[in-house]
Amino acid sequence: MTRRVSESRMRGGALPHSAWGDGIFWSIVCALSGGYALLIVALLLSNVGSVSWGVFLDVLVRPEIRRAAVVSLVSATLSTVLAMWVATPTAYLLARARFRGKGLLDALFDVPLVLPPLVVGVSLLILFRTPAGRLVERVLPVTYELPAIILAQFAVVTALAIRTIRAAFEQIDVRQEQVALTVGCSRRVVFFEIVLPQAWRGVLGAATLAWARALGEFGPVLVFAGATRMKTEVLPTAAFIELSVGNVQAALAISLVMIVAAMLVLGLARRLGVRDV
Amino acid sequence: MSDAVHQGSACLSNPSCVSLASTIQSVARPVLIKLENVSVRAGGFALHALTLDVSAGAYAVLMGRTGSGKTTVLEAICGLRQVTNGRIRLGGRDVTDSPPAARQVGLVPQDAALFPTMTVYDHLALGLRVRGHGNGRIAQRVEECADTLGITNLLTRKASGLSGGEQQRVALGRALSWQPAVLCLDEPLSALDDETRAEIAQLLLTVKASTQVTVLHITHSLSECRLLADVALRLEDGRITQASA
(Lines give C-alpha, C1' and ligand atoms only; values in the text may rest on other atoms or scores of the structure.)
Protein backbone atom coordinates (compact mmCIF):
# COMPACT_ATOMS: atom_id res chain seq x y z
CA MET A 1 0.00 0.00 0.00
CA THR A 2 2.79 2.38 1.03
CA ARG A 3 4.70 1.53 -2.14
CA ARG A 4 1.58 2.22 -4.28
CA VAL A 5 1.06 5.61 -2.64
CA SER A 6 4.69 6.61 -3.18
CA GLU A 7 4.59 5.43 -6.84
CA SER A 8 1.43 7.48 -7.35
CA ARG A 9 3.14 10.55 -5.91
CA MET A 10 6.18 9.98 -8.11
CA ARG A 11 3.94 9.90 -11.19
CA GLY A 12 2.21 13.15 -10.25
CA GLY A 13 -0.94 11.56 -8.81
CA ALA A 14 -3.88 9.76 -10.40
CA LEU A 15 -5.59 11.43 -13.38
CA PRO A 16 -9.25 12.35 -12.89
CA HIS A 17 -10.33 10.98 -16.30
CA SER A 18 -10.09 7.54 -17.83
CA ALA A 19 -9.32 6.13 -21.30
CA TRP A 20 -13.11 5.73 -21.73
CA GLY A 21 -13.48 9.52 -21.77
CA ASP A 22 -11.03 9.82 -24.68
CA GLY A 23 -12.85 7.02 -26.51
CA ILE A 24 -16.19 8.79 -26.22
CA PHE A 25 -14.61 12.08 -27.37
CA TRP A 26 -13.14 10.51 -30.52
CA SER A 27 -16.37 8.59 -31.22
CA ILE A 28 -18.36 11.84 -31.32
CA VAL A 29 -15.73 13.57 -33.50
CA CYS A 30 -15.63 10.64 -35.94
CA ALA A 31 -19.43 10.33 -36.06
CA LEU A 32 -19.89 14.00 -36.97
CA SER A 33 -17.14 14.13 -39.61
CA GLY A 34 -18.12 10.70 -40.98
CA GLY A 35 -21.74 11.81 -41.28
CA TYR A 36 -20.73 14.82 -43.36
CA ALA A 37 -18.43 12.72 -45.55
CA LEU A 38 -21.34 10.33 -46.14
CA LEU A 39 -23.58 13.23 -47.18
CA ILE A 40 -21.05 14.33 -49.84
CA VAL A 41 -20.64 10.78 -51.16
CA ALA A 42 -24.43 10.37 -51.26
CA LEU A 43 -24.81 13.63 -53.23
CA LEU A 44 -22.27 12.49 -55.82
CA LEU A 45 -23.63 8.96 -56.08
CA SER A 46 -27.24 10.09 -56.36
CA ASN A 47 -26.26 12.27 -59.32
CA VAL A 48 -24.22 9.56 -61.03
CA GLY A 49 -26.82 6.88 -60.26
CA SER A 50 -29.75 8.88 -61.57
CA VAL A 51 -28.27 9.69 -64.97
CA SER A 52 -29.57 7.69 -67.87
CA TRP A 53 -26.46 7.03 -69.98
CA GLY A 54 -28.47 7.20 -73.21
CA VAL A 55 -29.73 10.67 -72.32
CA PHE A 56 -26.23 11.61 -71.16
CA LEU A 57 -24.77 10.88 -74.59
CA ASP A 58 -27.72 12.57 -76.36
CA VAL A 59 -27.23 15.72 -74.26
CA LEU A 60 -23.51 15.82 -74.93
CA VAL A 61 -23.98 15.88 -78.70
CA ARG A 62 -26.62 18.60 -78.70
CA PRO A 63 -25.12 21.71 -80.41
CA GLU A 64 -26.33 24.18 -77.77
CA ILE A 65 -24.79 22.09 -74.96
CA ARG A 66 -21.53 21.68 -76.85
CA ARG A 67 -21.53 25.43 -77.44
CA ALA A 68 -22.23 26.05 -73.71
CA ALA A 69 -19.34 23.72 -72.84
CA VAL A 70 -16.99 25.60 -75.16
CA VAL A 71 -18.11 28.99 -73.79
CA SER A 72 -17.67 27.64 -70.26
CA LEU A 73 -14.15 26.33 -70.93
CA VAL A 74 -12.98 29.45 -72.78
CA SER A 75 -14.50 31.95 -70.33
CA ALA A 76 -13.26 30.03 -67.26
CA THR A 77 -9.75 29.88 -68.72
CA LEU A 78 -9.66 33.57 -69.68
CA SER A 79 -11.11 34.73 -66.35
CA THR A 80 -8.59 32.53 -64.51
CA VAL A 81 -5.66 34.01 -66.48
CA LEU A 82 -6.89 37.53 -65.70
CA ALA A 83 -7.52 36.61 -62.06
CA MET A 84 -4.00 35.21 -61.62
CA TRP A 85 -2.51 38.28 -63.24
CA VAL A 86 -4.21 40.46 -60.61
CA ALA A 87 -4.28 38.08 -57.65
CA THR A 88 -0.57 37.17 -57.60
CA PRO A 89 0.80 40.69 -57.00
CA THR A 90 -2.15 41.54 -54.75
CA ALA A 91 -1.54 38.47 -52.60
CA TYR A 92 2.16 39.40 -52.36
CA LEU A 93 1.22 42.92 -51.29
CA LEU A 94 -1.06 41.59 -48.55
CA ALA A 95 1.46 38.96 -47.45
CA ARG A 96 4.42 41.30 -47.18
CA ALA A 97 3.57 45.00 -47.10
CA ARG A 98 2.49 46.89 -44.00
CA PHE A 99 0.45 50.02 -44.63
CA ARG A 100 -2.39 52.01 -43.20
CA GLY A 101 -5.76 50.54 -44.19
CA LYS A 102 -4.37 47.08 -44.96
CA GLY A 103 -6.98 45.39 -42.77
CA LEU A 104 -9.74 47.22 -44.61
CA LEU A 105 -8.30 46.30 -48.02
CA ASP A 106 -7.92 42.70 -46.88
CA ALA A 107 -11.58 42.58 -45.83
CA LEU A 108 -12.61 44.27 -49.09
CA PHE A 109 -10.98 41.50 -51.14
CA ASP A 110 -13.11 38.96 -49.27
CA VAL A 111 -16.36 40.75 -50.14
CA PRO A 112 -16.95 38.94 -53.48
CA LEU A 113 -16.68 35.62 -51.61
CA VAL A 114 -19.26 36.46 -48.97
CA LEU A 115 -21.71 38.47 -51.08
CA PRO A 116 -24.72 36.53 -52.36
CA PRO A 117 -23.92 35.62 -56.01
CA LEU A 118 -27.09 37.37 -57.17
CA VAL A 119 -25.89 40.62 -55.58
CA VAL A 120 -22.56 40.39 -57.45
CA GLY A 121 -24.46 40.01 -60.72
CA VAL A 122 -26.87 42.87 -59.99
CA SER A 123 -24.00 45.12 -58.92
CA LEU A 124 -22.14 44.43 -62.17
CA LEU A 125 -25.29 45.14 -64.11
CA ILE A 126 -25.77 48.49 -62.34
CA LEU A 127 -22.08 49.35 -62.73
CA PHE A 128 -22.42 49.16 -66.50
CA ARG A 129 -25.47 51.46 -66.39
CA THR A 130 -23.37 54.28 -64.89
CA PRO A 131 -21.84 56.91 -67.24
CA ALA A 132 -18.42 55.25 -66.98
CA GLY A 133 -19.95 51.85 -67.67
CA ARG A 134 -21.86 53.16 -70.69
CA LEU A 135 -18.62 54.63 -72.02
CA VAL A 136 -17.00 51.20 -71.84
CA GLU A 137 -20.04 49.61 -73.49
CA ARG A 138 -19.64 51.97 -76.48
CA VAL A 139 -16.12 50.65 -77.10
CA LEU A 140 -16.70 47.05 -76.06
CA PRO A 141 -20.23 45.71 -75.53
CA VAL A 142 -20.16 43.87 -72.21
CA THR A 143 -23.61 43.36 -70.68
CA TYR A 144 -25.37 40.21 -71.99
CA GLU A 145 -22.30 39.48 -74.14
CA LEU A 146 -19.34 37.10 -73.74
CA PRO A 147 -17.17 39.64 -71.83
CA ALA A 148 -19.90 39.76 -69.19
CA ILE A 149 -19.36 36.06 -68.44
CA ILE A 150 -15.61 36.58 -68.06
CA LEU A 151 -16.05 39.68 -65.88
CA ALA A 152 -18.63 38.00 -63.63
CA GLN A 153 -16.35 35.00 -63.14
CA PHE A 154 -13.28 37.23 -62.69
CA ALA A 155 -14.99 39.31 -59.96
CA VAL A 156 -15.46 36.24 -57.78
CA VAL A 157 -12.50 33.97 -58.55
CA THR A 158 -9.88 36.71 -58.11
CA ALA A 159 -10.86 36.97 -54.45
CA LEU A 160 -10.51 33.21 -54.08
CA ALA A 161 -7.11 33.23 -55.80
CA ILE A 162 -5.83 36.07 -53.61
CA ARG A 163 -6.63 34.04 -50.49
CA THR A 164 -4.92 30.88 -51.73
CA ILE A 165 -1.80 32.56 -53.15
CA ARG A 166 -1.41 34.72 -50.07
CA ALA A 167 -1.25 31.56 -47.93
CA ALA A 168 1.53 30.25 -50.20
CA PHE A 169 3.51 33.49 -49.93
CA GLU A 170 3.12 33.59 -46.15
CA GLN A 171 4.72 30.16 -45.84
CA ILE A 172 7.98 31.56 -47.23
CA ASP A 173 10.41 32.85 -44.60
CA VAL A 174 10.50 36.65 -44.99
CA ARG A 175 14.12 36.58 -43.82
CA GLN A 176 15.12 35.06 -47.18
CA GLU A 177 13.75 38.09 -48.99
CA GLN A 178 15.45 40.47 -46.55
CA VAL A 179 18.81 38.74 -47.08
CA ALA A 180 18.33 38.91 -50.86
CA LEU A 181 17.77 42.66 -50.56
CA THR A 182 21.02 43.08 -48.61
CA VAL A 183 22.85 41.02 -51.26
CA GLY A 184 21.76 43.68 -53.75
CA CYS A 185 18.65 42.23 -55.35
CA SER A 186 15.86 44.55 -56.44
CA ARG A 187 12.29 43.84 -55.33
CA ARG A 188 11.60 42.49 -58.84
CA VAL A 189 14.49 40.02 -58.62
CA VAL A 190 13.46 38.99 -55.11
CA PHE A 191 9.90 38.31 -56.29
CA PHE A 192 10.72 36.45 -59.49
CA GLU A 193 13.87 34.58 -58.39
CA ILE A 194 13.34 33.94 -54.66
CA VAL A 195 9.60 34.06 -53.94
CA LEU A 196 7.82 32.72 -57.04
CA PRO A 197 10.04 29.62 -57.48
CA GLN A 198 9.06 28.61 -53.94
CA ALA A 199 5.38 29.55 -54.24
CA TRP A 200 4.68 28.09 -57.69
CA ARG A 201 2.75 25.13 -56.31
CA GLY A 202 0.46 27.44 -54.37
CA VAL A 203 0.04 29.74 -57.37
CA LEU A 204 -0.76 26.83 -59.69
CA GLY A 205 -3.09 25.34 -57.08
CA ALA A 206 -4.87 28.69 -56.83
CA ALA A 207 -5.22 28.77 -60.62
CA THR A 208 -6.83 25.32 -60.69
CA LEU A 209 -9.25 26.26 -57.92
CA ALA A 210 -10.07 29.56 -59.59
CA TRP A 211 -10.73 27.73 -62.86
CA ALA A 212 -13.05 25.23 -61.16
CA ARG A 213 -14.94 28.00 -59.40
CA ALA A 214 -15.21 30.00 -62.64
CA LEU A 215 -16.55 26.95 -64.46
CA GLY A 216 -19.31 26.56 -61.88
CA GLU A 217 -20.15 30.26 -61.42
CA PHE A 218 -23.90 30.65 -61.91
CA GLY A 219 -25.60 33.59 -60.17
CA PRO A 220 -23.52 36.55 -61.38
CA VAL A 221 -23.26 35.05 -64.88
CA LEU A 222 -27.02 34.53 -65.20
CA VAL A 223 -27.82 38.08 -64.03
CA PHE A 224 -25.04 39.95 -65.85
CA ALA A 225 -24.59 37.89 -69.03
CA GLY A 226 -27.99 36.26 -69.32
CA ALA A 227 -28.44 32.77 -70.72
CA THR A 228 -28.94 33.28 -74.42
CA ARG A 229 -28.68 29.97 -76.24
CA MET A 230 -25.67 29.65 -78.55
CA LYS A 231 -24.35 32.93 -77.18
CA THR A 232 -23.97 33.47 -73.42
CA GLU A 233 -25.17 30.13 -72.14
CA VAL A 234 -22.61 28.30 -69.97
CA LEU A 235 -22.90 24.82 -68.45
CA PRO A 236 -24.41 25.93 -65.08
CA THR A 237 -27.03 28.13 -66.79
CA ALA A 238 -27.70 25.32 -69.31
CA ALA A 239 -28.40 22.93 -66.42
CA PHE A 240 -30.69 25.52 -64.84
CA ILE A 241 -32.62 26.05 -68.09
CA GLU A 242 -33.03 22.28 -68.60
CA LEU A 243 -34.28 21.95 -65.03
CA SER A 244 -36.69 24.88 -65.39
CA VAL A 245 -38.35 23.22 -68.41
CA GLY A 246 -38.65 19.92 -66.54
CA ASN A 247 -35.83 18.13 -68.36
CA VAL A 248 -34.27 16.66 -65.20
CA GLN A 249 -32.21 14.00 -67.02
CA ALA A 250 -30.50 16.62 -69.19
CA ALA A 251 -29.81 18.78 -66.14
CA LEU A 252 -28.32 15.75 -64.39
CA ALA A 253 -26.14 14.95 -67.40
CA ILE A 254 -24.76 18.49 -67.52
CA SER A 255 -24.21 18.39 -63.74
CA LEU A 256 -22.26 15.17 -64.16
CA VAL A 257 -19.92 16.83 -66.66
CA MET A 258 -19.25 19.62 -64.16
CA ILE A 259 -18.75 17.11 -61.31
CA VAL A 260 -16.10 15.26 -63.33
CA ALA A 261 -14.34 18.54 -64.20
CA ALA A 262 -14.43 19.65 -60.55
CA MET A 263 -13.07 16.29 -59.33
CA LEU A 264 -10.22 16.43 -61.85
CA VAL A 265 -9.32 19.95 -60.78
CA LEU A 266 -9.57 19.11 -57.09
CA GLY A 267 -7.26 16.12 -57.62
CA LEU A 268 -4.78 18.32 -59.48
CA ALA A 269 -4.87 20.98 -56.75
CA ARG A 270 -4.24 18.34 -54.08
CA ARG A 271 -1.38 16.93 -56.10
CA LEU A 272 0.11 20.41 -56.24
CA GLY A 273 0.01 20.50 -52.45
CA VAL A 274 -2.94 22.86 -51.97
CA ARG A 275 -4.64 21.55 -48.82
CA ASP A 276 -6.73 24.46 -47.60
CA VAL A 277 -9.23 24.31 -50.44
CA MET B 1 44.37 34.89 -26.89
CA SER B 2 45.49 38.50 -27.25
CA ASP B 3 45.65 40.99 -24.43
CA ALA B 4 43.16 43.16 -26.23
CA VAL B 5 40.53 40.43 -26.14
CA HIS B 6 41.18 39.79 -22.43
CA GLN B 7 40.89 43.50 -21.86
CA GLY B 8 37.59 43.47 -23.74
CA SER B 9 36.06 40.63 -21.75
CA ALA B 10 37.17 42.25 -18.50
CA CYS B 11 35.60 45.48 -19.60
CA LEU B 12 32.31 43.68 -20.29
CA SER B 13 31.82 42.97 -16.64
CA ASN B 14 33.04 46.36 -15.46
CA PRO B 15 30.28 49.00 -15.23
CA SER B 16 32.83 51.80 -14.88
CA CYS B 17 34.08 51.28 -18.42
CA VAL B 18 34.02 54.40 -20.53
CA SER B 19 31.41 54.79 -23.28
CA LEU B 20 32.01 53.12 -26.62
CA ALA B 21 32.10 56.27 -28.72
CA SER B 22 34.88 57.89 -26.77
CA THR B 23 36.86 54.65 -26.64
CA ILE B 24 36.77 53.96 -30.36
CA GLN B 25 37.67 57.54 -31.23
CA SER B 26 41.16 56.79 -29.98
CA VAL B 27 41.62 54.04 -32.57
CA ALA B 28 43.78 55.15 -35.51
CA ARG B 29 41.72 53.44 -38.25
CA PRO B 30 38.82 55.39 -39.79
CA VAL B 31 35.35 54.67 -38.47
CA LEU B 32 33.35 52.49 -40.84
CA ILE B 33 30.11 51.82 -38.94
CA LYS B 34 28.74 54.85 -37.13
CA LEU B 35 25.42 55.19 -35.36
CA GLU B 36 24.57 58.71 -34.20
CA ASN B 37 21.77 58.87 -31.63
CA VAL B 38 19.82 56.22 -33.52
CA SER B 39 16.34 55.36 -32.32
CA VAL B 40 14.60 52.35 -33.76
CA ARG B 41 11.29 50.67 -33.07
CA ALA B 42 10.37 47.00 -33.51
CA GLY B 43 6.70 46.51 -32.70
CA GLY B 44 6.25 47.44 -29.06
CA PHE B 45 10.01 47.37 -28.46
CA ALA B 46 12.16 50.47 -28.95
CA LEU B 47 15.80 51.48 -28.65
CA HIS B 48 16.68 55.15 -28.16
CA ALA B 49 19.73 57.30 -28.88
CA LEU B 50 22.14 54.48 -29.73
CA THR B 51 25.70 55.53 -30.41
CA LEU B 52 28.25 53.21 -31.94
CA ASP B 53 31.55 53.57 -33.79
CA VAL B 54 33.34 50.57 -35.30
CA SER B 55 36.69 51.06 -37.04
CA ALA B 56 37.36 49.79 -40.56
CA GLY B 57 38.58 46.21 -40.58
CA ALA B 58 37.60 45.56 -36.94
CA TYR B 59 35.78 42.46 -35.78
CA ALA B 60 33.20 43.86 -33.37
CA VAL B 61 31.12 41.55 -31.23
CA LEU B 62 27.92 42.98 -29.78
CA MET B 63 26.67 41.03 -26.79
CA GLY B 64 23.40 41.27 -24.97
CA ARG B 65 20.70 39.22 -23.39
CA THR B 66 17.93 37.64 -25.44
CA GLY B 67 15.39 40.37 -26.21
CA SER B 68 17.82 43.22 -25.59
CA GLY B 69 17.49 44.40 -29.22
CA LYS B 70 20.73 43.12 -30.78
CA THR B 71 18.99 41.91 -33.94
CA THR B 72 17.07 45.19 -34.17
CA VAL B 73 20.38 47.10 -34.23
CA LEU B 74 21.68 44.79 -36.95
CA GLU B 75 18.50 45.19 -39.00
CA ALA B 76 18.77 48.98 -38.74
CA ILE B 77 22.36 48.87 -40.04
CA CYS B 78 21.36 46.54 -42.90
CA GLY B 79 18.44 48.81 -43.85
CA LEU B 80 15.80 46.24 -42.96
CA ARG B 81 14.32 48.41 -40.21
CA GLN B 82 13.61 52.10 -40.56
CA VAL B 83 15.15 54.26 -37.84
CA THR B 84 12.85 56.79 -36.19
CA ASN B 85 15.64 59.20 -35.27
CA GLY B 86 19.38 59.71 -35.70
CA ARG B 87 21.76 58.88 -38.56
CA ILE B 88 23.59 55.76 -39.70
CA ARG B 89 26.86 56.26 -41.57
CA LEU B 90 28.81 53.52 -43.29
CA GLY B 91 32.29 54.50 -44.49
CA GLY B 92 31.39 58.15 -43.92
CA ARG B 93 28.33 57.91 -46.18
CA ASP B 94 24.93 58.66 -44.67
CA VAL B 95 22.84 55.56 -45.44
CA THR B 96 20.00 56.28 -43.01
CA ASP B 97 17.43 56.45 -45.80
CA SER B 98 19.18 54.13 -48.27
CA PRO B 99 17.61 50.80 -49.26
CA PRO B 100 19.42 47.61 -48.16
CA ALA B 101 20.85 47.01 -51.64
CA ALA B 102 22.68 50.36 -51.60
CA ARG B 103 24.43 49.85 -48.26
CA GLN B 104 27.13 47.29 -49.14
CA VAL B 105 26.31 45.25 -46.02
CA GLY B 106 26.35 41.46 -46.15
CA LEU B 107 24.05 39.67 -43.71
CA VAL B 108 24.25 36.16 -42.27
CA PRO B 109 21.09 35.47 -40.27
CA GLN B 110 20.87 33.01 -37.42
CA ASP B 111 18.97 30.41 -39.45
CA ALA B 112 21.04 31.02 -42.62
CA ALA B 113 17.81 31.73 -44.59
CA LEU B 114 19.08 30.04 -47.75
CA PHE B 115 16.93 29.96 -50.89
CA PRO B 116 15.70 26.34 -51.16
CA THR B 117 15.22 26.39 -54.93
CA MET B 118 18.76 27.63 -55.67
CA THR B 119 22.03 25.72 -55.82
CA VAL B 120 24.98 26.66 -53.64
CA TYR B 121 26.68 28.12 -56.74
CA ASP B 122 23.62 30.33 -57.38
CA HIS B 123 23.79 31.61 -53.79
CA LEU B 124 27.42 32.64 -54.12
CA ALA B 125 26.88 34.07 -57.61
CA LEU B 126 23.75 36.10 -56.77
CA GLY B 127 25.44 39.24 -55.39
CA LEU B 128 27.85 39.30 -58.34
CA ARG B 129 25.16 38.63 -60.93
CA VAL B 130 22.88 41.45 -59.76
CA ARG B 131 25.89 43.78 -59.99
CA GLY B 132 26.31 42.90 -63.65
CA HIS B 133 29.57 40.91 -63.50
CA GLY B 134 30.30 38.62 -66.42
CA ASN B 135 30.01 34.84 -66.15
CA GLY B 136 33.81 34.37 -66.15
CA ARG B 137 34.36 36.78 -63.28
CA ILE B 138 31.42 35.24 -61.37
CA ALA B 139 32.77 31.70 -61.80
CA GLN B 140 36.25 32.77 -60.68
CA ARG B 141 35.01 34.63 -57.61
CA VAL B 142 32.59 31.84 -56.63
CA GLU B 143 35.43 29.32 -56.88
CA GLU B 144 37.71 31.44 -54.68
CA CYS B 145 35.01 31.98 -52.12
CA ALA B 146 33.91 28.33 -52.08
CA ASP B 147 37.54 27.28 -51.64
CA THR B 148 38.00 29.59 -48.63
CA LEU B 149 34.80 28.32 -47.05
CA GLY B 150 35.39 24.65 -47.88
CA ILE B 151 32.21 24.22 -49.90
CA THR B 152 33.61 23.55 -53.38
CA ASN B 153 32.12 20.04 -53.30
CA LEU B 154 28.66 21.48 -52.56
CA LEU B 155 28.41 23.96 -55.44
CA THR B 156 25.96 21.89 -57.49
CA ARG B 157 23.79 20.92 -54.50
CA LYS B 158 20.43 22.51 -53.72
CA ALA B 159 20.38 24.44 -50.44
CA SER B 160 17.46 22.44 -49.09
CA GLY B 161 19.52 19.29 -48.48
CA LEU B 162 22.45 20.81 -46.57
CA SER B 163 23.39 20.28 -42.92
CA GLY B 164 23.34 23.16 -40.42
CA GLY B 165 27.09 23.77 -40.68
CA GLU B 166 27.04 23.61 -44.48
CA GLN B 167 24.14 26.07 -44.53
CA GLN B 168 26.08 28.55 -42.41
CA ARG B 169 29.09 28.25 -44.72
CA VAL B 170 26.89 28.90 -47.75
CA ALA B 171 25.19 31.85 -46.00
CA LEU B 172 28.65 33.25 -45.26
CA GLY B 173 29.67 32.75 -48.89
CA ARG B 174 26.50 34.44 -50.14
CA ALA B 175 27.26 37.46 -47.93
CA LEU B 176 30.98 37.64 -48.76
CA SER B 177 31.29 36.71 -52.45
CA TRP B 178 30.47 40.23 -53.68
CA GLN B 179 32.96 41.74 -51.19
CA PRO B 180 30.76 44.00 -49.06
CA ALA B 181 32.27 46.70 -46.86
CA VAL B 182 30.50 45.38 -43.77
CA LEU B 183 29.54 41.86 -42.72
CA CYS B 184 26.73 41.51 -40.17
CA LEU B 185 26.46 38.15 -38.40
CA ASP B 186 23.29 37.50 -36.42
CA GLU B 187 24.13 34.77 -33.89
CA PRO B 188 25.67 32.59 -36.62
CA LEU B 189 26.82 29.88 -34.22
CA SER B 190 23.92 29.62 -31.81
CA ALA B 191 21.89 26.99 -33.70
CA LEU B 192 24.85 24.63 -34.27
CA ASP B 193 26.11 21.62 -32.35
CA ASP B 194 29.41 21.97 -30.43
CA GLU B 195 31.62 20.41 -33.10
CA THR B 196 30.11 22.42 -35.99
CA ARG B 197 30.19 25.57 -33.88
CA ALA B 198 33.93 25.15 -33.38
CA GLU B 199 34.39 24.58 -37.15
CA ILE B 200 32.42 27.69 -38.12
CA ALA B 201 34.15 29.78 -35.43
CA GLN B 202 37.47 28.69 -36.93
CA LEU B 203 36.15 29.64 -40.35
CA LEU B 204 35.19 33.10 -39.06
CA LEU B 205 38.76 33.52 -37.81
CA THR B 206 39.99 32.60 -41.31
CA VAL B 207 37.61 35.13 -42.87
CA LYS B 208 38.76 37.73 -40.37
CA ALA B 209 42.40 37.09 -41.27
CA SER B 210 41.95 36.88 -45.04
CA THR B 211 39.50 39.71 -45.78
CA GLN B 212 39.38 43.41 -45.06
CA VAL B 213 35.71 43.27 -44.23
CA THR B 214 34.49 45.02 -41.09
CA VAL B 215 32.42 42.61 -39.03
CA LEU B 216 29.61 43.23 -36.58
CA HIS B 217 28.79 39.91 -34.92
CA ILE B 218 25.97 39.68 -32.41
CA THR B 219 25.76 36.94 -29.84
CA HIS B 220 24.88 36.21 -26.24
CA SER B 221 27.93 33.95 -25.87
CA LEU B 222 30.92 35.29 -23.93
CA SER B 223 33.14 32.50 -25.29
CA GLU B 224 32.38 33.57 -28.89
CA CYS B 225 33.23 37.11 -27.94
CA ARG B 226 36.50 36.05 -26.35
CA LEU B 227 37.48 33.98 -29.34
CA LEU B 228 36.59 36.42 -32.11
CA ALA B 229 36.32 40.01 -30.93
CA ASP B 230 38.71 42.86 -31.61
CA VAL B 231 36.07 45.09 -30.12
CA ALA B 232 33.68 43.82 -27.47
CA LEU B 233 30.42 45.65 -27.00
CA ARG B 234 27.40 45.19 -24.82
CA LEU B 235 23.82 46.23 -25.46
CA GLU B 236 22.11 46.71 -22.15
CA ASP B 237 19.09 48.75 -21.06
CA GLY B 238 18.79 50.15 -24.56
CA ARG B 239 22.37 51.46 -24.68
CA ILE B 240 25.62 50.23 -26.21
CA THR B 241 27.94 51.01 -23.39
CA GLN B 242 31.24 49.20 -23.36
CA ALA B 243 34.10 48.47 -25.69
CA SER B 244 37.66 47.43 -25.99
CA ALA B 245 40.06 47.48 -28.89
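Everything numeric in this text was worked out from a predicted model, so none of it was measured. (Residues numbered from 1 in each chain as written. Chains lettered and ligands numbered in written order. Predicted model: local features only at pLDDT ≥ 70, side-chain atom pairs only at ≥ 80, totals over all residues. Heavy atoms only, no water.)

### Topic: the domain arrangement of chain A
Here chain A is described as being made up of domain 1 (17-49) and domain 2 (53-271). Between the C-alpha centres of domain 1 of chain A and domain 2 of chain A the distance comes to 32 Å. (Domains from an automatic or database assignment.)

### Observations regarding the sheet that holds strand β9 (residues 231-236) of chain B
Residues and elements named next belong to chain B. Read across the open sheet, the six strands follow the order β6-β7-β8-β3-β9-β10; overall the sheet is mixed. Only two strands of the sheet have a single neighbouring strand rather than two, namely β6 (105-108) and β10 (239-240). Pairing between strand β7 (residues 182-186) and strand β8 (residues 214-219): five bridges, direction parallel. Counterpart to valine 182 in the pairing with β8 is threonine 214. (Pairing = 2+ DSSP bridges. Helix = DSSP H or I, 4+ residues; strand = E, 2+ residues; numbered from the N terminus.)

### A word on the interface of chain B and chain A
Taken together, the contact pairs 24 residues of chain B with 16 residues of chain A. Carbon and sulfur atoms supply 64% of the area that chain B and chain A bury against each other, a total of about 1,700 Å² over both sides. The largest share of the area that chain B buries against chain A comes from Leu80, Phe115 and Thr117 of chain B, three residues that together contribute 25% of it. At the surface where chain B touches chain A, the tally comes to two salt bridges. Of the charged contacts in the structure, one is a salt bridge between arginine 129 of chain B and glutamate 193 of chain A, with a shortest N-O distance of 2.7 Å. Taken together, the links from chain B to chain A amount to five residue pairs in polar contact (both at pLDDT 80 or more). Listed by contribution, the elements that provide at least two residues to the side of chain B that touches chain A are α3 (70-78), β6 and α4 (120-129) of chain B. Grouping the amino acids of the side of chain B that touches chain A by side-chain chemistry returns 15 nonpolar, three polar and six charged. (Contact = heavy atoms within 4.5 Å. Buried area = accessible area lost by both parts, 1.4 Å probe. Salt bridge = Lys/Arg side-chain N within 4 Å of Asp/Glu carboxyl O. Polar contact = N/O pair within 3.5 Å; in protein donor to acceptor, adjacent residues only side chain to side chain. Nonpolar A, V, L, I, M, F, W, Y, C, P; charged D, E, K, R; others polar.)

### What about the packing of aromatic side chains?
Here a ring pair, both rings aromatic, is described through the centre-centre distance and the interplanar angle of the planes. The tally for this structure, following the rule as stated, stands at eight aromatic pairs over all chains. Judged by centre distance (6.0 Å) and plane angle (65°), the rings of phenylalanine 169 of chain A and phenylalanine 191 of chain A are edge-to-face. On the criterion of sequence distance, the pair formed by phenylalanine 169 of chain A in helix α8 (residues 146-170) and phenylalanine 191 of chain A in helix α10 (residues 187-216) is long-range, its members being 22 residues apart. The same class applies to phenylalanine 169 of chain A as to phenylalanine 191 of chain A, namely buried. Chaining the aromatic ring pairs together yields one cluster made of Tyr92, Phe169, Phe191 and Phe192 of chain A. If you follow arginine 174 of chain B out to its NZ or CZ, it ends over the ring of phenylalanine 115 of chain B, 4.8 Å from the centre. (Phe/Tyr/Trp six-rings, centres within 6.5 Å; stacked < 30°, edge-to-face > 60°. Buried < 20%, exposed > 50% of the residue type's maximum accessible area, 1.4 Å probe, protein only. Lys NZ or Arg CZ within 6 Å of the ring centre and 35° of its normal.)

### Examining unusual backbone geometry
Most peptide bonds take the trans form, and the phi angle of most residues other than glycine is negative. All names here are of chain B. With a phi angle near 70°, alanine 112 is a residue other than glycine that sits in the positive phi range. The phi dihedral of aspartate 237 falls on the positive side, at around 50°, and the residue is not glycine. Its place among the elements puts aspartate 237 in the loop between β9 and β10.

### Concerning a nonpolar patch on the surface
All names here are of chain A. Where nonpolar side chains cluster on the molecular surface, the patch consists of Leu108, Val111, Val114, Leu115 and Val119 and spans about 400 Å² of accessible area. At three residues, helix α5 (residues 102-114) tops the list of elements feeding residues into the nonpolar patch. Take valine 119: it is sitting in helix α6 (residues 117-127). What makes valine 119 partly exposed here is its relative accessible area of 33%. (Patch = residues over 30% accessible without salt bridge, like charges linked within 9 Å, V, L, I, M, F, W, Y side chains within 5 Å. Areas by Shrake-Rupley, 256 points an atom, 1.4 Å probe, with all protein chains shown as cover.)

### Quick look at the environment of serine 79 of chain A
Residue and element names in this part refer to chain A. Here serine 79 shows up in helix α4 (residues 63-96). Judged by relative accessible area, serine 79 falls into the buried class, the value being 0%. Separated by 132 residues in the primary sequence, serine 79 and tryptophan 211 have C-alpha atoms spaced 7.8 Å apart. If sequence neighbours within four positions are ignored, serine 79 has contacts with Ile150, Gln153, Phe154, Val157 and Ala214.

### Let's talk about the packing of helix α12 (residues 235-244) of chain A against helix α13 (residues 248-271) of chain A
All names here are of chain A. Direction vectors running N to C along α12 and α13 enclose 160°, while the axes themselves pass 7 Å from each other. Judged by the angle between their axes, α12 and α13 are roughly antiparallel. Like other packed secondary-structure pairs, α12 and α13 cross with a definite hand, here left-handed. In this structure, α12 uses Leu235, Pro236, Ala238, Ala239, Glu242 and Leu243 to contact α13, whose residues at the interface are Val248, Ala250, Ala251, Ile254, Val257 and Met258. Taken together, the residues that form the contact of α12 with α13 break down as 11 nonpolar, no polar and one charged. (Axes fitted to C-alpha atoms, helices over the stretch in contact; angles between N-to-C directions. Parallel < 35°, antiparallel > 145°, perpendicular 65-115°, else oblique. Left-handed = near helix turned anticlockwise from the far one by under 90°.)

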